[in-house]
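These are the residues of each chain, in order.
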Amino acid sequence: MSAPPTDSANPSKLADSRDSSDRRPSEKISLRGISHWYRDPRSAKLVHAVESFDLTVADREFISIVGPSGCGKTTLLSMISGLIRPSRGAVDVDGTPVDGLRPGLMGYMFARDSLLPWRKVAKNIRLGLEFDKRDIDRDRRVEELVATVGLTGFEDHYPDQLSHGMRQRVALARTLAGDPEVLLMDEPFGALDAQTRTLMQEEFVRIWEAHQKTVVFVTHDIDEALALSDRVIVMSARPGRLQAEYVIEFPRPRNIEELHGTPEFQALRRRIWHELRNQVEHGS
Ligand code: ADP
Ligand code: MG
């Protein structure tokens, strides 16, 4: 069962958005007619990863992308970040075509933290300020970030002295450090145990509610997508297309534990699960 088409799935509206003078002021990210092929390094065959993908993300919107494994979610994030260029179509951020990485504008966080093991917590977080040109007190900023992610007292620990959840907090602080306008998150809590994951979600939603950045959040966890987002995008099996989208209107601030128990949450969860299962079972 698909949600009714919205603007971002409407080709005529998308054609309008090609003219940047028509751009709605709130439009932060726009993907237009994105298709992507990789060349498999072993067989040299082309892998069709993403097909005709259109998506507009509003400024300060929190969207999640769910979809079967290998459907092109990471590929989409890489194209928004400027890490890879789509084979076809265009990506704009703030109405400007993405042409290479812009670390001050966009922060990227992965499932596996990429902390430097020889640097203490504070110094790992400070790495996130490397591209920050603002004239700020960096020690103070690092201290604030440590507090934001609940790691006060652990500033002088090395990553291998921390639990996985704590390392993800450090990675989150580093991603937030330069105050990027856009956060691209690739299953950031996916490798955590269930309790730690819920805690991280609660903290992240609190941080987002306070700072309201534009977030594109990839996850395989429907509950996570529903609890955090303003909108959930379901992708088809590879080649990934936009299969359905759901506007999530649970009031904020959100209490994730309470939200999970509501009938509205359960109903949406079932709909999205059904959609996703169709893709996993019959999509490819
Ligand atoms: P997801 O994040 O949804 O699991 P990906 O975006 O990582 O999916 O990958 C989409 C498809 O493209 C997969 O079939 C994957 O194997 C393939 N792929 C991803 N990166 C490369 C690459 N660098 N070279 C060749 N194929 C790739
Ligand atoms: Mg991925």
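Analysis parameters
- Residues numbered from 1 in each chain as written.
- Chains lettered and ligands numbered in written order.
- Predicted model: local features only at pLDDT ≥ 70, side-chain atom pairs only at ≥ 80, totals over all residues.
- Heavy atoms only, no water.
- Buried < 20%, exposed > 50% of the residue type's maximum accessible area, 1.4 Å probe, protein only.
- Helix = DSSP H or I, 4+ residues; strand = E, 2+ residues; numbered from the N terminus.
- Pairing = 2+ DSSP bridges.
- Axes fitted to C-alpha atoms, helices over the stretch in contact; angles between N-to-C directions.
- Contact = heavy atoms within 4.5 Å.
- Salt bridge = Lys/Arg side-chain N within 4 Å of Asp/Glu carboxyl O.
- Near = heavy atom within 4 Å.
- Polar contact = N/O pair within 3.5 Å; in protein donor to acceptor, adjacent residues only side chain to side chain.
- Areas by Shrake-Rupley, 256 points an atom, 1.4 Å probe, with all protein chains shown as cover.
- Nonpolar A, V, L, I, M, F, W, Y, C, P; charged D, E, K, R; others polar.

### Some details on the pairing of strand E6 (residues 106-109)
In summary, the side chains of a regular strand alternate between the two faces of the sheet.
Then step 1. Side-chain alternation along E6 places Met-106 and Tyr-108 on one buried face and Gly-107 and Met-109 on a second face that is also buried.
Then step 2. Two strands pair when backbone bridges link them, and E6 and strand E7 (residues 182-186) are joined in this way by four bridges, in the parallel orientation. Bridge assignment links Tyr-108 to a residue of E7, and that residue is Leu-184.

### Re the sheet that holds E7
Then step 1. Taken together, the six strands give an open sheet; going across it, the order is E6-E7-E8-E3-E9-E10, and neighbouring strands pair in mixed fashion. For this open sheet the edge positions go to E6 and strand E10 (242-247), each flanked by a neighbour on one side alone. Going from strand to strand, the sheet's axes swing by 15 degrees on average, the running direction of each strand aside.
Then step 2. Packing against the sheet, helix H5 (residues 164-177) makes contact with E6 and E7, and its axis sits at approximately 165 degrees to E6.

### Things to note about unusual backbone geometry
Then step 1. The peptide bond linking Arg-238 to Pro-239 adopts the cis configuration, its omega dihedral lying at -5 degrees.
Then step 2. With respect to the helices, strands and loops of the structure, Pro-239 is situated in the loop between strand E9 (231-235) and E10.
Then step 3. With an omega of -5 degrees, the peptide bond between Arg-252 and Pro-253 qualifies as cis.
Then step 4. Following the sequence through the fold, Pro-253 ends up in the loop between E10 and helix H8 (256-260).
Then step 5. Notably, Ser-52 is not glycine yet its phi reads approximately 40 degrees, a positive angle.
Then step 6. Tracing the chain through its elements places Ser-52 in strand E2 (residues 46-58).
Then step 7. Assessed through its relative accessible area of 41%, Ser-52 is described here as partly exposed.

### What to know about the pattern of salt bridges
Then step 1. Applying the stated rule across the entire model yields 18 salt bridges.
Then step 2. Residue Asp-59 pairs with Arg-60 through a salt bridge whose shortest N-O separation is 3.6 Å.
Then step 3. Using a relative accessible area of 31% as the deciding quantity, one classes Asp-59 as partly exposed.
Then step 4. You can call Arg-60 partly exposed: its relative accessible area is 45%.
Then step 5. Arg-134 serves as the salt-bridge partner of Asp-179, at 3.8 Å between the closest nitrogen and oxygen. In this pair, Asp-179 sits in the loop between H5 and E7 while Arg-134 sits in the loop between helix H3 (121-126) and helix H4 (138-148), placing the two residues 45 residues apart along the sequence.
Then step 6. For Asp-179, a relative accessible area of 36% puts it in the partly exposed group.

### Notes on the site of ligand 1
Then step 1. Neighbouring ligand 1 are Tyr-38, Arg-39, Ala-49, Ser-69, Gly-70, Cys-71, Gly-72, Lys-73, Thr-74, Thr-75 and Arg-238.
Then step 2. Backbone polar atom of Cys-71 to an oxygen atom of ligand 1: 3.1 Å apart, as the coordinates give it.
Then step 3. Between an oxygen atom of ligand 1 and a side-chain N or O atom of Thr-75, the distance comes to 2.5 Å.
Then step 4. Bound to the protein, ligand 1 loses 65% of the 560 Å² it would expose on its own.
Then step 5. Secondary structure elements with two or more residues in the shell around ligand 1: strand E1 (27-39) and helix H2 (73-81).
Then step 6. Tallied by class, the residues present in the shell around ligand 1 amount to three nonpolar, five polar and three charged.

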